[in-house]
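What the coordinates show
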Amino acid sequence: MNDKNDYIEAAQQIIVSLGLPRSQQNERSALCLLALLNLTPGKAWADAENPLIGITPIMDWARANYDKEYAPNTRETIRRQTMHQFCDAGVALYNPDEPDRPVNSPKAVYQIEPAALALLRTFGTLVWHDNLAIYLSERETLVAMYAKEREDRKSTRLNSSHSSVSRMPSSA
């Protein structure tokens with residue numbers, strides 16, 4: 001696999017396979033995943049890495065390796081619409097080198113989660129599907145988590161709309 005589009009399509013396929021929501025099944029998220037793996041065109045999935053990388057460096061990496069130019073104001077979109085979901089799904093770690101780093105720190109970094117890295121290194125091999133099934137059996141997908149949250153909110157709303165009326169005893 002040497003074509004840039006093949007890597008982007010493969011990364012999108014992986015995102016779908018990992019159970020991330022439709023709003024993350026796009027080129028932006030695929031490029032973020034590739035950056036988390038430092039997977040440049042021509043590099044084998046087995047050689048995926050796990051660098052610490054921030055949002056602006058992810059954008060610079062996408063431009064340098066995949067000719068994708070992002071405007072500076074795209075940082076928040078990448079952070080809020082891709083990286084947050086990667087962390088929620090357990091695919092990426094936030095500030096693994098310094099977990100106490102302030103949320104608004106310009107030094108904030110992300111890194112691929114070790115089990116996800118091990119899985120992704122098998123992409124395109126005969127053991128990929130078996131490894132994917134094992135990986136998914138050990139964790140809940142983000143789509144399932146979001147569905148459960150929606151159901152919990154719905155049941156909370158329903159329960160709160162049927163508040164019980166307190167009755168005073170007739171002898172009061």
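Let us look at the structure shown here. (Residues numbered from 1 in each chain as written. Predicted model: local features only at pLDDT ≥ 70, side-chain atom pairs only at ≥ 80, totals over all residues. Heavy atoms only, no water.)

1. Some points on the packing of aromatic side chains
Note the threshold: Here a pair means two rings of Phe, Tyr or Trp (six-membered ring of Trp) with centres within 6.5 Å. Their orientation is stacked below 30 degrees between planes, edge-to-face above 60, and tilted elsewhere. Accessible area is worked out with a 1.4 Å probe on protein chains only. A residue is then buried under 20% of its type maximum, exposed over 50%, and partly exposed in between. Counting from the N terminus, the helices are the DSSP runs of H or I reaching at least four residues and the strands are the DSSP runs of E reaching at least two.
Counted according to the given criterion, the structure contains 6 aromatic pairs. For the pair tryptophan 61 and tyrosine 66, a centre-to-centre distance of 5.4 Å together with 40 degrees between the ring planes defines the contact as tilted. The class for tryptophan 61 is buried, based on a relative accessible area of 10%. With centroids separated by 5.2 Å and ring planes inclined at 50 degrees, the aromatic side chains of tyrosine 94 and tyrosine 110 adopt a geometry described as tilted. Of the two residues, tyrosine 94 sits in strand β1 (residues 92-94) while tyrosine 110 sits in strand β2 (residues 110-112), which places them 16 residues apart along the sequence. On the basis of relative accessibility, which here comes to 33%, the residue tyrosine 94 falls in the partly exposed class.

2. Describing the side chain of threonine 82
Applicable threshold: Polar contacts, as used here, are pairs of N or O atoms within 3.5 Å; protein pairs need one atom able to donate a hydrogen and one able to accept it. Residues neighboring in sequence count only if both atoms are side-chain atoms. In what follows, residue pairs with any heavy atoms lying within 4.5 Å of each other are defined as contacts.
With respect to the helices, strands and loops of the structure, threonine 82 is situated in helix α4 (residues 75-88). At 2.8 Å, the side chain of threonine 82 and the side chain of arginine 28 are in polar contact. Beyond its immediate chain neighbours, meaning those up to four positions away, threonine 82 contacts Gln24, Arg28, Ser29, Cys32 and Thr77.

3. Re the environment of tryptophan 61
On the secondary structure map, tryptophan 61 appears in helix α3 (residues 55-66). Each C-alpha atom of the pair tryptophan 61 and asparagine 38 lies 8.4 Å from the other, and the pair is 23 residues apart in sequence. The residues touching tryptophan 61, leaving out its near neighbours within four places in the chain, are Leu31, Leu34, Ala35, Asn38, Leu39, Thr40, Ile53 and Tyr66.

4. Details of the packing of α3 against α4
So the rule is basically this: For helices, the fitted line uses only the C-alpha atoms of the stretch in contact; every axis is such a line through C-alpha atoms, and the angle between N-to-C directions lies from 0 to 180 degrees. Our angle categories are set so that under 35 degrees counts as roughly parallel, over 145 as roughly antiparallel, 65 to 115 as roughly perpendicular, and the remainder as oblique. Each residue gets one label: Ala, Val, Leu, Ile, Met, Phe, Trp, Tyr, Cys and Pro are nonpolar, Asp, Glu, Lys and Arg are charged, and the others, such as Gly, are polar.
As a packed pair, α3 and α4 sit with axes 9 Å apart at the nearest point and diverge in direction by 100 degrees. Comparing their axes, α4 and α3 come out roughly perpendicular. Between α3 and α4, the residues in contact are Ile55, Thr56, Ile58 and Met59 and Arg75, Ile78, Arg79 and Met83, respectively. The residue makeup of the contact of α3 with α4, split by class, is 5 nonpolar, 1 polar and 2 charged.

These figures capture arrangement, not role.
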